[in-house]
Amino acid sequence: MRILLLTVLLLPSLGALADAPIRVASKNFNESYVLAEIISQLLEVEGFTVERKFGLGGTLICYEALKQREIDVYVEYTGTLSQAILKLPNNPEVAHLNEMLQQEGLRLREPLGFNNTYAIAVKESVAKTYGLRSIGDLRKAGELKAVFSHEFLERQDGWPGLSARYGLARDVQGIEHGLAYQAIDSGAIGVTDAYSTDGELVRYKLRVLEDDRDYFPSYLAVPLTHTDLPAAAGGVLDRLAASIDNATMQRLNAQVVFESRSHSEVAAGFLAELGIVAETPSVDRMWQDLWSNTLRHLQLTGLALLLATLVGLALSLLTYRHARLSSFVIYVCGLLQTIPSIALLALMIPLFGIGFIPAVVALFLYSLLPILRNAVTALTGVDPTLVDVAQALGLDERERLRHVLLPLSMPAIFAGIRTAAIISIGTATLAAFIGAGGLGDPIVVGLALGDVGLILQGAIPAALLAILTELAFAALQRRVVASG
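Keep in mind the model is a prediction, meaning the values are calculated, not measured. (Residues numbered from 1 in each chain as written. Predicted model: local features only at pLDDT ≥ 70, side-chain atom pairs only at ≥ 80, totals over all residues. Heavy atoms only, no water.)

Colleague: What should I look at first to understand the nonpolar core in this one?
Modeller: Among the nonpolar cores identified, the biggest contains 65 residues, and Val24, Ile38, Ile120, Ile135, Leu162 and Phe216 are the most heavily contacted of them. For this core, the leading source of residues is helix α2 (residues 30–45), giving 8 residues. Ile120 has contacts with Ile135, Leu138, Phe148, Phe152, Leu162, Val191, Thr192, Asp193, Arg207, Val208, Leu209 and Phe216, leaving out every residue within four places of it along the chain. (Core = buried A, V, L, I, M, F, W, Y, C linked by side-chain atoms within 4.5 Å. Buried < 20%, exposed > 50% of the residue type's maximum accessible area, 1.4 Å probe, protein only. Helix = DSSP H or I, 4+ residues; strand = E, 2+ residues; numbered from the N terminus. Contact = heavy atoms within 4.5 Å.)

Shown next as structure tokens:
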């Protein structure tokens, strides 16, 4: 299956490999988008072809994609690298980190100049009410609802270690980082984690609690590449060394979040400040992006559904006569459905990398169960009397399948395919987290920015696509399935 997918999907693009584009990635939060766009535009100015892989779902996905040579560069933070990835004690310097990374064929370039450390934030009014100055003061405000980003809850340099260092024994919940600021501003939550360069800290009048026990390590922003990145491209990245201080990064973040400027506009403006490029006027690309995202979404779901239909029907025809075997196959497909979508997508990276192929494989696996189960159930549920009559008329096994079993089973088979199509369309929005594109792209960016408009740019077309698909399959079923 893997060889077939690689052949079918990669053959048309073999000619493009000669161009050797530099693949720039970002994580799924605002600052990472801005920095990735700055790097991308700078490389393009210097004559490199750039392929953007923005909005990948978190640290480990980006790091694994870099190790697998699926991307060439993304901006990482030294504290994240040492604590969450390499599991190193203390706060090692960049040189020491590079010694460790060399074993993986990776390299940190020159730091960009700012330290985006983790911080614990509360509203200024809440801080005054409870007398909160440092993180340790949270012990006297136990009734405040503490909700942190999912990654912060899992990382050793996040909540587990922080709660142990400060003795903060309390129940906490998880939330998408981009939504936390709106929640804390509305009063739905009382305490959350933040990045020290986030523009939201100023907008929402949040107080960063003092880390008086020096728990959080330094989080210097540094481009992370593999060691065989072309020297010329590495030299371009090093031109950004020490060019962005904390205030500048917070200003760039705020321009996206509060001035409704795109990441590309903000990046171009910053490079213009450095005298590298001339700032270009903004261009509204909403309709162009909508068309390209919808087309990619159709490619993802269409190919996955086609493969699932072919494989699912083949398996059902091979196993329906053997109850135990068909039950086992359905059971295995059911187990695949229990794996969370984003987890299954992440599991595809070591096998297929990031992008289109792993997304199609994951959607294919999710689409198998309804097709296979409906087909087997329908084939085994045909009235035995009709089968006996067909046999008495002299129809052999193949003819009985063609003229009796399949026609009578077709409504249920179509129902399974329709269900798989709707599941695939919805699940495909998560493919943006592994760089596959589609209508999940604006949703992921919107979550990172807390921008409801961007979220709707992906959610509404996906919903309409699901409705149109349902109507199309219903019309096709009426034409294919004989009445009665």
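The structure having been displayed, the exposition proceeds.
Colleague: Help me out: how do you make sense of the pattern of salt bridges in this one?
Modeller: Scanning the entire structure with this criterion turns up 15 salt bridges. Put simply, Asp228 and Arg69 hold a salt bridge, and the shortest N to O gap is 3.5 Å. Highlighted residues: Asp228 in the loop between β10 (221–226) and α11 (231–238) and Arg69 in the loop between α3 (59–67) and β3 (73–77), separated in sequence by 159 residues. For Lys123, the salt bridge identified is with Asp185, shortest N-O distance 3.9 Å. Taken together, the residues Lys123 in strand β5 (residues 118–123) and Asp185 in helix α9 (residues 177–186) connect sequence positions 62 residues apart. The exposure class assigned to Asp185 is partly exposed, which follows from its relative accessible area of 34%. Through salt bridges with shared partners, one network takes in Glu37, Glu44 and Arg52. (Salt bridge = Lys/Arg side-chain N within 4 Å of Asp/Glu carboxyl O.)

Colleague: What am I meant to see in helix α13 (residues 263–273) here?
Modeller: In an α-helix, one turn spans 3.6 residues; hence positions three or four apart end up facing the same way. Inspection of α13 places His263, Val266, Ala267, Ala268, Gly269, Phe270 and Leu271 among the buried residues, and these make up the whole buried set. Check the buried side of α13 and you find it contacts α2, α12 (246–258) and α20 (440–449). Count one or two residues on from α13 and you reach Gly275, which has phi positive near 80 degrees.

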